[in-house]
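# Breakdown of the fold
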Amino acid sequence: QVHLVESGGGLVQPGGSLRLSCETSGTIFERNDMSWHRQAPGKERELVAGIPADGGAHYADSVKGRFTISRDNAKDTVYLQMNDLKPEDTAVYYCQAEEPQGRFAVLHYWGQGTQVTVSS
């Protein structure tokens, strides 16, 4: 039973900061490629940031220089530090884990999401 639980969302003013956390269980976390996605009302879900098991973080162009993804393998947790938040960052943020299954397959797991609202 794999579970991903996001936390840290909330209401913040433009220019403010939040740190999201995603605690995982039921996987071999150090082998998982982890990522954050978001979905705003009326829009498709989009990739925000990713951090593979072997390192090498990557970001959507819209958040480069403002967001930082990191992971703590000792705590089975991935984080998303969000600075200089803008109204267009408002969305439900989801954590995703990719679990390798042998050489030819991968399983995808999602958390329930946490709401981030940026408004004055």
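All values reported here derive from a predicted model rather than from experimental measurement.

Attention now goes to the sheet that holds strand β1 (residues 3–7). Judged by pairing direction, the sheet is antiparallel, and its 4 strands sit side by side in the order β1-β3-β8-β7 without closing on themselves. Where the open sheet ends on each side, the last strands, each with one partner, are β1 and β7 (67–72). Along the sheet, successive strands turn relative to each other by an average axial angle of 15°, direction set aside. Sheet topology places strand β3 (residues 18–25) next to strand β8 (residues 77–82); 6 bridges connect them, and they run antiparallel. Residue pairing across strands places Ser21 opposite Tyr79, the latter belonging to β8.

With that settled, consider the packing of aromatic side chains. Tallied over the full model, the rule gives 1 aromatic pair. Geometrically, the ring pair formed by Tyr94 and Trp110 is edge-to-face, given 6.5 Å between the ring centres and 85° between the ring planes. In this pair, Tyr94 is assigned in strand β9 (residues 91–101) and Trp110 in strand β10 (residues 105–110), connecting sequence segments 16 residues apart. By relative accessible area, Tyr94 is classed as buried at 14%. With relative accessibility at 34%, the residue Trp110 sits in the partly exposed group.

So, on to the side chain of Gln96. Residue placement: Gln96 occurs in strand β9. For Gln96, a relative accessible area of 7% translates into the label buried. Non-local contacts of Gln96, meaning those with residues more than four positions away in its chain, are made with Leu4, Asp33, Met34, Ser35, His37, His108, Tyr109 and Trp110.

Rules and cut-offs
Residues numbered from 1 in each chain as written. Predicted model: local features only at pLDDT ≥ 70, side-chain atom pairs only at ≥ 80, totals over all residues. Heavy atoms only, no water. Pairing = 2+ DSSP bridges. Helix = DSSP H or I, 4+ residues; strand = E, 2+ residues; numbered from the N terminus. Axes fitted to C-alpha atoms, helices over the stretch in contact; angles between N-to-C directions. Phe/Tyr/Trp six-rings, centres within 6.5 Å; stacked < 30°, edge-to-face > 60°. Buried < 20%, exposed > 50% of the residue type's maximum accessible area, 1.4 Å probe, protein only. Contact = heavy atoms within 4.5 Å.

Take it as geometry only, folks, not as evidence of what the structure does.
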